[in-house]
Amino acid sequence: MIYLSNFSFPDIELEYSFLMGIKRTCYDTFYPFQVLSKHGLRMLDFEPITILYGGNGSGKTTALNIIAEKINLKRESVYNRSNFFEDYTSMCHYETQMPIPAKSRIITSDDVFDFVLNLRCLNDGISNKREELFEEYLESKYSHFQMKSLDDYEQLKKSYMAHTKTQSKYVRNNVMDNVREHSNGESAFLYFSEKIQENGLYLLDEPENSLSPLRQQELTKFLEDSARFFGCQFIISTHSPFLLAMRGTRIYDMDEEPVDVKRWTQLPGIRTYFDFFKKHEGEFLV
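Residues numbered from 1 in each chain as written. Predicted model: local features only at pLDDT ≥ 70, side-chain atom pairs only at ≥ 80, totals over all residues. Heavy atoms only, no water.

A. Region of interest: the pattern of salt bridges. A complete count under the given rule lists 11 salt bridges for this structure. In this structure, Arg 215 engages Glu 218 in a salt bridge whose closest nitrogen and oxygen atoms are separated by 2.6 Å. Taken as a pair, Arg 215 and Glu 218 lie in helix H8 (residues 213-229) at a separation of three residues, close to a single helical turn. Judged by its relative accessible area of 29%, Glu 218 is partly exposed. (Salt bridge = Lys/Arg side-chain N within 4 Å of Asp/Glu carboxyl O. Helix = DSSP H or I, 4+ residues; strand = E, 2+ residues; numbered from the N terminus. Buried < 20%, exposed > 50% of the residue type's maximum accessible area, 1.4 Å probe, protein only.)

B. Just the sheet that holds strand E1 (residues 4-8), in detail. Here three strands make up an open sheet; going across it, the order is E2-E1-E4 and the pairing antiparallel. Two strands close off the open sheet at either side, each with one partner strand: strand E2 (43-45) and strand E4 (93-96). Between one strand axis and the next, the sheet turns by 10 degrees as a mean value, whatever way the strands run. Where E1 lies against E2, three bridges are found, and the strand directions are antiparallel. Across the sheet, Ser 8 pairs through a bridge with Met 43, a residue of E2. Together, E1, E2 and E4 form the strand contacts of helix H2 (residues 60-70), whose direction differs from that of E1 by roughly 110 degrees. (Pairing = 2+ DSSP bridges. Axes fitted to C-alpha atoms, helices over the stretch in contact; angles between N-to-C directions. Contact = heavy atoms within 4.5 Å.)

C. Summary view of the packing of aromatic side chains. Tallied over the entire structure, the rule returns 12 aromatic pairs. Between Phe 7 and Phe 9, the ring centres sit 5.0 Å apart and the planes meet at 55 degrees, which makes this aromatic pair tilted. Consider the rings of Phe 33 and Tyr 88, whose centres lie 5.1 Å apart with planes at 85 degrees: the pair is edge-to-face. Residue Phe 33 is located in the loop between helix H1 (12-20) and E2, and its partner Tyr 88 is located in helix H3 (residues 85-90); the two are separated by 55 residues in the primary sequence. An aromatic cluster of three or more residues is present, and its members are Phe 18, Phe 30, Phe 33, Phe 84 and Tyr 88. (Phe/Tyr/Trp six-rings, centres within 6.5 Å; stacked < 30°, edge-to-face > 60°.)

D. The sheet that holds strand E3 (residues 49-53), seen in detail. Taking strand neighbours across the sheet as the criterion, the six strands line up as E5-E6-E7-E3-E8-E9 in an open arrangement whose pairing is mixed. Bordering the open sheet on either side are strand E5 (105-107) and strand E9 (260-262), each of which pairs with just one other strand. Geometrically, the sheet is characterised by an average inter-axis angle of 20 degrees between neighbouring strands, direction not taken into account. Alignment of strand E8 (residues 250-253) against E9, held across three bridges, turns out to be antiparallel. Each bridged residue has a counterpart across the sheet, and for Tyr 252 the counterpart in E9 is Val 261.

E. Representation of empty space enclosed by the protein. Following the criterion strictly, the structure yields one cavity of 30 Å³ or more and no others. Within this model, the largest cavity holds a volume of roughly 40 Å³. If you go around the largest cavity, the residues you meet are Thr 108, Ser 109, Val 112, Phe 113, Phe 192, Asp 205, Glu 206, Pro 207, Asn 209 and Ser 210. At three residues, helix H4 (residues 109-142) tops the list of elements feeding residues into the lining of the largest cavity. When its residues are assigned to classes, the lining of the largest cavity shows four nonpolar, four polar and two charged. (1 Å grid on protein atoms, 1.4 Å probe; cavity = no way out; pocket = protein on both sides within 12 Å on 5 of 7 lines; lining within 4 Å. Points joined across faces, edges and corners; volume = space filled by probe spheres on them. Nonpolar A, V, L, I, M, F, W, Y, C, P; charged D, E, K, R; others polar.)

F. Broad picture of a nonpolar patch on the surface. Nonpolar side chains collect at one region of the surface, where Tyr 273, Phe 276, Phe 277 and Phe 284 lie side by side and expose about 470 Å² of accessible area between them. Among the elements that line the nonpolar patch, the one with the most residues is helix H10 (residues 268-279), at three residues. For Phe 284, the position within the fold is in helix H11 (residues 281-284). (Patch = residues over 30% accessible without salt bridge, like charges linked within 9 Å, V, L, I, M, F, W, Y side chains within 5 Å. Areas by Shrake-Rupley, 256 points an atom, 1.4 Å probe, with all protein chains shown as cover.)

The structure is reproduced here in structure tokens:
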């Protein structure tokens, strides 16, 4: 499915014209001006799956944030922006093949990290509460409690439960089970599977972070199936060879000047992997 068909950015002449019109000189940065134009990026044409590949500082995350801001996608975490972000996005233009679904969103590595961290904090709190309930159970069961007024009603209920239930049932009735029974990588994968729904446009910023190679392959299959069978469109920034190898993907090499479309096997980072494993090929045969 293709919702967003293309997106255009201001060229270097338009940027220069705007910057020359700024009277104040107190700014130390004009971000996001002069980030994408220095690589000659003028327009991105999109497929059901489009990938922005490049090293640090290539502008791939900046491009995703600009697109998300211009088309008003949902997002959770704050992102790097400046006083000139709205000026820049006002110079951008895009075309759609059909209306962008309201459920569409941008998902960043910060979103995933916050989700995993929140689960960990929640589970730490649940674990501490569980320890408190173990002690409360023993105190309620073996103390000689007598109800003297309605103020003692809650304590009466605790005493009754302690005498009629086992310790494990008492604790389960008073505290929820740990939300996370998975590793951080499994929780990260769960985040993607919950946030990505049918028929939506999703911008993913380095989704491989926190994922093992095995989980990256599972995410690859999930994204391929979502695009092929469930009406999703993806624009992804990534270094992951597994994601880069997805079928039918249009890949922009953001390190090139100008930015160019390449096959995944032509990318320098992939060639680095290939050369490394080729060098150690004999060790795998032992």
